[in-house]
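These are the residues of each chain, in order.
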Amino acid sequence: MKGFRTVLINGLVAAVPVVAEVLRHLAVLDWQAYLEPRDALWAMLIVGGLNIFLRRITNTAMGRAE
């Protein structure tokens, strides 16, 4: 899985707002009931930190196993 961790994590993160928007459009999920704007900022900080961490431990080119 080496070389794909960063892409996988970022792909999952990128999919979250798409899924949330689809659910909001379908009136299934109201994000404001669960996530305040301040909490969204913390979530972005955590995601950014995880990306920095993954880039730090990855020493191969994107999409390459070795």
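Overview of the structure. (Residues numbered from 1 in each chain as written. Predicted model: local features only at pLDDT ≥ 70, side-chain atom pairs only at ≥ 80, totals over all residues. Heavy atoms only, no water.)

With respect to the helices and strands, Thr-6 occurs in helix α1 (residues 5-25). Residues Thr-6 and Leu-50, spaced 44 residues apart in sequence, show a C-alpha to C-alpha distance of 9.1 Å. Sequence-distant contacts of Thr-6, that is, excluding residues within four places in its chain, are made with Leu-54, Arg-55 and Thr-58. (Helix = DSSP H or I, 4+ residues; strand = E, 2+ residues; numbered from the N terminus. Contact = heavy atoms within 4.5 Å.)

This part takes up the environment of Asn-51. Looking at the element boundaries, Asn-51 is found in helix α3 (residues 37-57). Considering only alpha carbons, one finds Asn-51 and Arg-5, 46 residues apart in sequence, at a separation of 9.7 Å.

Our next topic: the pattern of salt bridges. One pass over the full model with this rule turns up one salt bridge. Asp-39 is the salt-bridge partner of Arg-38, the closest N and O atoms lying 3.4 Å from each other. Residue classification places Arg-38 among the exposed positions, given a relative accessible area of 57%. (Salt bridge = Lys/Arg side-chain N within 4 Å of Asp/Glu carboxyl O. Buried < 20%, exposed > 50% of the residue type's maximum accessible area, 1.4 Å probe, protein only.)

Okay, a nonpolar patch on the surface next. A surface patch of nonpolar side chains, amounting to about 300 Å² of accessible area, comprises Leu-8, Ile-9, Leu-12 and Val-13. Along the polypeptide, Leu-8 turns up in helix α1. Residue class for Leu-8 comes out partly exposed when judged on its relative accessible area of 40%. (Patch = residues over 30% accessible without salt bridge, like charges linked within 9 Å, V, L, I, M, F, W, Y side chains within 5 Å. Areas by Shrake-Rupley, 256 points an atom, 1.4 Å probe, with all protein chains shown as cover.)

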